[in-house]
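Now for the letters of each chain:
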Amino acid sequence: MGIFFRAVLTYITGVWGMERRRGNRKKFIQCPKTGKAMLVLCCVIFLLIQLTACSSGENSAKVIFTTGMGKDEVFRIGGSVCTEAEMMVYLTNTQNQYEDVYGPEVWNVSRDGITLEENVKDTVLAKMAQIKTMYLLAQDRGVVLEDGEDRRVEQAAEAYFDSLTEREKELMGVTLSTIEQLYKEYALADKVYRYIIQDVNPEISDDEARTITVQHILLKTCTEDGAGNRVAYSDAMKQEAYLKALEICRMAREGEDFLDLASRYSEDPVITYSFGKGEMEQAFEEAAFSLETDGISEVVETEEGYHVIKCISTFDREQTDLNKLTIVEERRREVFGQEYDAFVEELPRQLNGELWDSMKLIRDDEVTTAGFFDIYARFFPD
């Protein structure tokens with residue numbers, strides 16, 4: 001998968017690991033080592049939480065329903081058309097990636113009456129819409145494939161098409177030219193992204209990306225009602241929590257084991273956090289970044305409650321290096337997004353609602369193709 005799709009589909013690829021935000025604090029969660037498992041797991045989690053048609057985030061091309069389109073045209077964006085056969089390639093490969101990891105029973109998953117199949121369809125639709133848009137953007141910016149790249153597109157298409165059984169070709173309705181067009185658009189989407197972000201400075205200082213690791217003890221000053229709304233403690237309860245936090249702070253500073261205190265008193269099940277600047281609530285962050293290694297803060301108040309913080313490391317080299325990559329990618333997405341948004345805003349978008357609603361995942365034991373993107377990566381390595 002090219003740099004463009006890694007950058008704008010981070011929630012699917014999970015290159016550096018999933019992140020779970022809890023309030024204003026971030027905890028890094030390690031991902032499975034298997035790439036395919038990561039892809040599918042992230043998709044499942046994201047789809048079941050979001051239940052929306054998403055692709056690269058805020059910069060996705062929006063599609064409206066219409067009538068009067070060709071019978072095999074799923075949608076049009078500007079002068080670009082997505083055919084039923086093209087869509088089936090993406091849908092079928094995505095379907096089989098899921099099933100390779102979780103088995104066909106994964107399609108029994110649903111939430112609030114919305115099935116995983118419906119969400120996968122919407123996500124693939126949005127991804128296809130973006131690729132078609134990027135293809136048009138490449139044409140608009142004069143970005144083309146070189147002779148060697150054209151040849152690699154042909155070779156990749158031949159390799160994937162030859163991998164298909166006759167049954168798969170029949171049920172997806174594809175020809176060699178279908179695959180060639182998909183790979184050409186994919187390669188140009190990647191290339192125009194690189195073209196747009198080429199001037200972004202990749203150098204990030206240690207200080208800007210510095211990541212620290214702390215432990216903390218939290219005494220809450222609020223709770224939640226049945227609807228998940230924050231309910232503040234009374235003044236008397238808040239004062240009680242504050243006095244208790246002062247006592248815990250005193251014990252920690254006098255040498256009592258911090259982890260032992262945290263296990264006894266903290267109302268946050270997570271004790272250790274690694275984070276960079278701008279990722280935490282301001283009061284918590286300022287107190288944490290002001291500490292030396294093994295230093296213990298005064299009582300710090302945030303929206304969640306009172307904290308006592310201990311600095312474990314003032315500079316986490318591994319996480320800082322990862323954070324540098326994150327910052328660079330954020331800058332690239334911002335630069336790309338400004339140009340993309342301006343371009344896509346002017347494009348007419350039409351969806352053949354009748355055809356789209358009728359399209360289903362293929363249920364056939366002979367249809368197992370899942371290598372479309374793997375083959376692309378083989379011929380277009382980073």
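These remarks concern the structure in this document. (Residues numbered from 1 in each chain as written. Predicted model: local features only at pLDDT ≥ 70, side-chain atom pairs only at ≥ 80, totals over all residues. Heavy atoms only, no water.)

**Some remarks on the environment of valine 308**
Here is step 1 of the chain: Take valine 308: it is sitting in strand S13 (residues 305–313).
Here is step 2 of the chain: Considering only alpha carbons, one finds valine 308 and glutamine 215, 93 residues apart in sequence, at a separation of 8.5 Å.
Here is step 3 of the chain: The contact partners of valine 308, leaving out residues within four places of it in the chain, are Gln215, His216, Ile217, Ala245, Cys249, Phe258, Ile296, Ser297 and Val299. (Helix = DSSP H or I, 4+ residues; strand = E, 2+ residues; numbered from the N terminus. Contact = heavy atoms within 4.5 Å.)

**Structural notes on the packing of helix H8 (residues 176–196) against helix H15 (residues 372–379)**
Here is step 1 of the chain: One way to put it is that H8 packs onto H15 with a least axis distance of 12 Å and a crossing angle of 60 degrees. With respect to H15, the axis of H8 lies oblique. Remark: the crossing between H8 and H15 carries right-handed chirality. Facing Ile179, Leu182, Tyr183, Tyr186, Ala187 and Asp190 of H8, the residues of H15 in contact are Phe372, Phe373, Ile375 and Tyr376.
Here is step 2 of the chain: Partitioning the contact of H8 with H15 into residue classes produces 9 nonpolar, no polar and 1 charged. (Axes fitted to C-alpha atoms, helices over the stretch in contact; angles between N-to-C directions. Parallel < 35°, antiparallel > 145°, perpendicular 65-115°, else oblique. Left-handed = near helix turned anticlockwise from the far one by under 90°. Nonpolar A, V, L, I, M, F, W, Y, C, P; charged D, E, K, R; others polar.)

**Thoughts on the side chain of asparagine 93**
Here is step 1 of the chain: In this structure, asparagine 93 sits in helix H4 (residues 84–102).
Here is step 2 of the chain: Residue classification places asparagine 93 among the buried positions, given a relative accessible area of 0%.
Here is step 3 of the chain: Of the polar contacts made by the side chain of asparagine 93, one reaches the side chain of tyrosine 160; its length is 2.9 Å.
Here is step 4 of the chain: With near-sequence residues (within four places) excluded, asparagine 93 lies in contact with Tyr160, Thr369, Ala370, Gly371 and Phe372. (Buried < 20%, exposed > 50% of the residue type's maximum accessible area, 1.4 Å probe, protein only. Polar contact = N/O pair within 3.5 Å; in protein donor to acceptor, adjacent residues only side chain to side chain.)

**Concerning the sheet that holds strand S8 (residues 211–220)**
Here is step 1 of the chain: One open sheet holds the 4 strands; their spatial order is S11-S8-S13-S12, and the pairing between them is antiparallel. Across the chains shown, the open sheet's two edge strands, defined by having one partner strand only, are strand S11 (272–276) and strand S12 (300–301).
Here is step 2 of the chain: Relative to S11, S8 runs antiparallel, the two sharing 5 bridges. Its bridge partner being in S11, valine 214 is matched across the sheet by tyrosine 273.
Here is step 3 of the chain: With respect to the sheet, helix H11 (residues 258–265) is in contact with S8 and S13, its orientation differing from that of S8 by roughly 40 degrees. (Pairing = 2+ DSSP bridges.)

**As for the packing of aromatic side chains**
Here is step 1 of the chain: Counted according to the given criterion, the structure contains 15 aromatic pairs.
Here is step 2 of the chain: Arranged with centres 5.1 Å apart and planes meeting at 90 degrees, the rings of phenylalanine 372 and phenylalanine 373 form a pair that is edge-to-face.
Here is step 3 of the chain: You can call phenylalanine 373 buried: its relative accessible area is 10%.
Here is step 4 of the chain: Through successive ring pairs, a cluster of aromatic residues spans Tyr90, Tyr160, Tyr183, Tyr186, Phe372, Phe373, Tyr376 and Phe380.
Here is step 5 of the chain: One residue, lysine 121, lies across the ring of tryptophan 356, its end atom 4.4 Å from the ring centre. (Phe/Tyr/Trp six-rings, centres within 6.5 Å; stacked < 30°, edge-to-face > 60°. Lys NZ or Arg CZ within 6 Å of the ring centre and 35° of its normal.)

**Brief notes about the side chain of serine 80**
Here is step 1 of the chain: Of note, serine 80 is situated in strand S5 (residues 80–83).
Here is step 2 of the chain: Setting aside chain neighbours within four positions, we find serine 80 in contact with Phe75, Lys132, Tyr135, Leu136 and Glu185.

**Quick notes on a nonpolar patch on the surface**
Here is step 1 of the chain: The grouping of Tyr242, Leu243 and Leu246 at the surface amounts to a nonpolar patch, some 250 Å² of accessible area in total.
Here is step 2 of the chain: Here leucine 246 shows up in helix H10 (residues 235–253).
Here is step 3 of the chain: Owing to a relative accessible area of 36%, leucine 246 belongs among the partly exposed residues under this scheme. (Patch = residues over 30% accessible without salt bridge, like charges linked within 9 Å, V, L, I, M, F, W, Y side chains within 5 Å. Areas by Shrake-Rupley, 256 points an atom, 1.4 Å probe, with all protein chains shown as cover. Salt bridge = Lys/Arg side-chain N within 4 Å of Asp/Glu carboxyl O.)

**Here's the deal with the nonpolar core**
Here is step 1 of the chain: Counting residues in each nonpolar core, the largest one holds 65 residues, and the members touching the most others are Phe75, Met87, Tyr90 and Tyr183.
Here is step 2 of the chain: Of all elements in the fold, only strand S4 (73–77), H4, helix H5 (116–141), helix H6 (147–163), H8, helix H13 (317–344), helix H14 (353–358) and H15 reach the threshold of two or more residues within this core.
Here is step 3 of the chain: Ranked by the residues each element gives to this core, the list is headed by H5, at 12 residues.
Here is step 4 of the chain: Beyond its immediate sequence surroundings of up to four residues, tyrosine 183 is in contact with Val153, Ala156, Ala157, Tyr160, Phe372, Ile375 and Tyr376.
Here is step 5 of the chain: Counting 15 residues, the second-largest nonpolar core is a separate cluster that includes Ile217, Ala241, Leu261 and Val299. (Core = buried A, V, L, I, M, F, W, Y, C linked by side-chain atoms within 4.5 Å.)

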